[in-house]
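Letter by letter, the chains look like this.
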Amino acid sequence: FLSEFVKRIEEEKKQIVIPIRLKEFAFKYLLQSQHHFTEKTTNTNKTTFKYLENYLGNVFLSEITRNQLDTYFQKRANDTSIFAARKDMINISAAFNNAVANGYLVANVCNGIKRYKLPERQPLFYTRDDFQKLLAAITCPDLKDLVLFAVNTGMRQMELITLEWRQINFQENYLT
């Protein structure tokens, strides 16, 4: 194992990477990715790179270590939120996979960093009073019937829209 490990380390040292600074890589990556991603995703990537550059400075991509990224993600989780840290982690990992493919990195330094688990949200429910207020605010009788039907069946919007007559059994009062 040790001899194989040493060989692999030596091979990685021999691999030539194209030197590029974080700011230049971010510019190239965002320019390339805007053709593949939505505007919202591109803006999220811009924000991720902005925060990463503020934290690390305009360092060479090959100088960034897993420990630095792990510390950055922890700081981002503490300063902003777990959601922001997790999103940054996903964005940076995808960008570094691109950097490996383009010869800027030998390996993705994000590999091996565990993603943050998002806290589970409790389901939201209307109280009886809130539900009565909602029904009172609806003036259209058809819409009121639809809301009552949705709440009493637990169906989601798309399930309601795609519901067909053959899915309703009026004799035994159930839906399929």
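Our subject is the structure that appears above.
Residues numbered from 1 in each chain as written. Predicted model: local features only at pLDDT ≥ 70, side-chain atom pairs only at ≥ 80, totals over all residues. Heavy atoms only, no water.

Undergrad: In this structure, what is going on with the packing of helix α2 (residues 22-33) against helix α5 (residues 82-101)? I would like to understand it.
TA: Between two packed helices, what matters for the description is the angle formed by their axes and the separation of those axes. Packing of α2 against α5 leaves a shortest axis separation of 11 Å and a crossing angle of 95°. With respect to α5, the axis of α2 lies roughly perpendicular. Mapping the contact onto sequence places F25, Y29 and Q32 in α2 and A94, A95, F96, N98 and A99 in α5. Partitioning the contact of α2 with α5 into residue classes produces six nonpolar, two polar and no charged. (Axes fitted to C-alpha atoms, helices over the stretch in contact; angles between N-to-C directions. Helix = DSSP H or I, 4+ residues; strand = E, 2+ residues; numbered from the N terminus. Parallel < 35°, antiparallel > 145°, perpendicular 65-115°, else oblique. Contact = heavy atoms within 4.5 Å. Nonpolar A, V, L, I, M, F, W, Y, C, P; charged D, E, K, R; others polar.)

Undergrad: I would appreciate a short explanation of the pattern of salt bridges in the present structure.
TA: Side-chain pairs of opposite charge can arise where the charged atoms are in close proximity. This structure, assessed with the given rule, holds four salt bridges. Note that R76 and D88 form a salt bridge whose closest N and O atoms lie 2.5 Å from each other. Of this pair, R76 sits in helix α4 (residues 66-79) while D88 sits in helix α5; the two residues are 12 residues apart in sequence, bridging distant segments of the chain. Assessed through its relative accessible area of 8%, R76 is described here as buried. Residue D88 is classed as buried on the basis of its relative accessible area, which comes to 3%. The salt bridge involving R166 is made with E164; its shortest N-O contact spans 2.8 Å. A relative accessible area of 37% means that E164 is categorised as partly exposed. (Salt bridge = Lys/Arg side-chain N within 4 Å of Asp/Glu carboxyl O. Buried < 20%, exposed > 50% of the residue type's maximum accessible area, 1.4 Å probe, protein only.)

Undergrad: Where do I start with a nonpolar patch on the surface in this structure?
TA: Among the surface-exposed residues, F1, L2, F5 and V6 lie close enough to one another that they form a single nonpolar patch of about 480 Å² accessible area. Looking at where V6 falls in the secondary structure, it is placed in helix α1 (residues 2-14). (Patch = residues over 30% accessible without salt bridge, like charges linked within 9 Å, V, L, I, M, F, W, Y side chains within 5 Å. Areas by Shrake-Rupley, 256 points an atom, 1.4 Å probe, with all protein chains shown as cover.)

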